[in-house]
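Structure assessment
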Amino acid sequence: MTTLPKYLTQDELKHFFAAIDSPRDKALFGLIYHYGLRVGEALMLTVDDVNFKNHRITIRRSKNGLGGEKPLWRHTAKIIRSYLRERRDVGPYLFTGRKGPLQKRQVQKLFTDYATAAGIKARSVHALRHSMAVHLLEAGRGIEYVADHLGHKNIQNTRIYAQITNPLREQVFRELEQHPKIVRLS
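A few points on the structure. (Residues numbered from 1 in each chain as written. Predicted model: local features only at pLDDT ≥ 70, side-chain atom pairs only at ≥ 80, totals over all residues. Heavy atoms only, no water.)

**A short note on the overall build of the chain**
To keep things clear, this is the line we draw: Secondary structure follows DSSP: runs of H or I at least 4 residues long count as helices, runs of E at least 2 residues long count as strands, and numbering of each begins at the N terminus. The buried label goes to any residue with under 20% of its type's maximum accessible area, the exposed label to any with over 50%, and the partly exposed label to all in between, with areas taken from a 1.4 Å probe on protein chains only. Working rule for contacts: check all heavy atoms of both residues, and any pair within 4.5 Å makes them a contact. Per-residue accessibility takes into account occlusion by the displayed protein chains alone, with areas from the Shrake-Rupley method and a 1.4 Å probe.
For the chain, the count of helices and strands is nine helices and five strands. Listing each helix as α and each strand as β along the chain from the N terminus yields α-α-α-β-β-β-α-β-β-α-α-α-α-α. With the C-alpha coordinates of the chain rotated into their principal frame, the extents come out at 70 × 35 × 30 Å. Across the 186 residues of the chain, 42% fall into the buried class. In the chain, once contacts between residues fewer than 6 apart in sequence are set aside, the share between residues at least 24 apart is 60%. Just so you have it, the chain exposes about 11300 Å², and 52% of that area is on carbon and sulfur atoms.

Put into structure tokens, the structure is as follows:
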């Protein structure tokens with residue numbers, strides 16, 4: 001039996017982001033969620049990877065994932081801009097702390113602190129990546145789109161998320177049950 005990935009509901013995510021005051025942390029966790037990034041992938045981002053003019057962001061995936069240029073979410077662009085307005089220029093990396101680039105363990109601690117403040121039982125930042133996968137499926141996107149969005153080369157790695165979306169499956173089934181194109185037996 002495969003353990004299903006832990007993810008946050010839309011409500012939990014809203015509480016999580018509401019608990020964040022820091023523009024840097026809001027931008028960091030916003031990017032991790034919106035692009036389904038691993039922490040290391042978010043920390044590899046440079047200021048130059050964000051192209052506000054063309055509304056694009058360059059993502060380098062780890063674990064042999066498929067990266068490349070992606071559209072920049074308008075909402076994400078807004079929170080990155082507000083972070084960059086207050087950021088001290090401390091090198092090429094987008095997310096920095098007092099001593100240079102942020103480290104994975106710092107990001108994990110920040111996540112845990114915000115999750116606790118929001119009253120959410122989530123142990124790992126990776127829950128944000130899982131959340132995006134589930135939310136894309138719930139928004140009606142196909143497994144191929146989700147695989148591409150997460151940078152999965154092998155779609156089998158994405159299939160686990162399809163098991164989570166039972167409420168969506170139920171809703172679609174109920175709608176199809178009433179659909180005029182489905183023959184009803186009497």
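**A word on the sheet that holds strand S3 (residues 68–71)**
Pairing between sheet strands relies on hydrogen bonds along the backbone, with the strands arranged either parallel or antiparallel. The cut-off we apply is this: Strand pairing is assigned whenever DSSP detects at least two bridges linking the two strands.
Pairing is antiparallel in the open sheet, where three strands are placed in the order S1-S2-S3. Edge positions in the sheet fall to strand S1 (50–51) and S3, since each has one partner strand and no second. For S1 and strand S2 (residues 56–59), the ladder comprises two bridges, and the chain directions are antiparallel. Counted as the bridge partner of Asn51 is Arg56 from S2.

**Concerning the pattern of salt bridges**
The condition that has to hold: By definition here, a salt bridge exists when the distance from a side-chain nitrogen of Lys or Arg to a carboxyl oxygen of Asp or Glu is within 4 Å.
Enumeration over the complete set of coordinates arrives at seven salt bridges. Between Glu41 and Arg38 there is a salt bridge, with its nearest N and O atoms 2.8 Å apart. The exposure class assigned to Arg38 is buried, which follows from its relative accessible area of 15%. For Glu69, the salt bridge is made with Arg56, and the minimal N-O distance between the two is 3.2 Å. Remark: Arg56 occurs in strand S2 and Glu69 occurs in strand S3; sequence separation between them is 13 residues. Glu69 gets classed as exposed once you look at its relative accessible area, which sits at 51%. The partly exposed category is assigned to Arg56, whose relative accessible area is 27%. Because the salt bridges share partners, they merge into one network encompassing Arg38, Glu41 and Arg61.

**As for the packing of helix H6 (residues 126–138) against helix H7 (residues 143–150)**
Definition in use: Orientation is described by axes fitted as lines to C-alpha atoms, over the contacting stretch for helices, and by angles from 0 to 180 degrees between their N-to-C directions. Every angle not falling under 35 degrees, over 145, or within 65 to 115 is termed oblique; those three ranges are roughly parallel, roughly antiparallel and roughly perpendicular. A crossing counts as left-handed when the near helix is turned anticlockwise from the far one by less than a right angle, and as right-handed when that turn is clockwise. The residue classification treats Ala, Val, Leu, Ile, Met, Phe, Trp, Tyr, Cys and Pro as nonpolar and Asp, Glu, Lys and Arg as charged. All others, Gly included, are polar.
Running from N to C, H6 and H7 cross one another at 155°; their axes reach a closest spacing of 9 Å. Classified by the angle between their axes, H6 and H7 sit roughly antiparallel to one another. Note that H6 runs across H7; the crossing there is right-handed. Residues Arg129, Met132, Ala133, Leu136 and Leu137 of H6 lie in contact with H7, whose contacting residues are Ile143, Tyr145, Val146, His149 and Leu150. Looking at the contact of H6 with H7 residue by residue, the classes come out as eight nonpolar, one polar and one charged.

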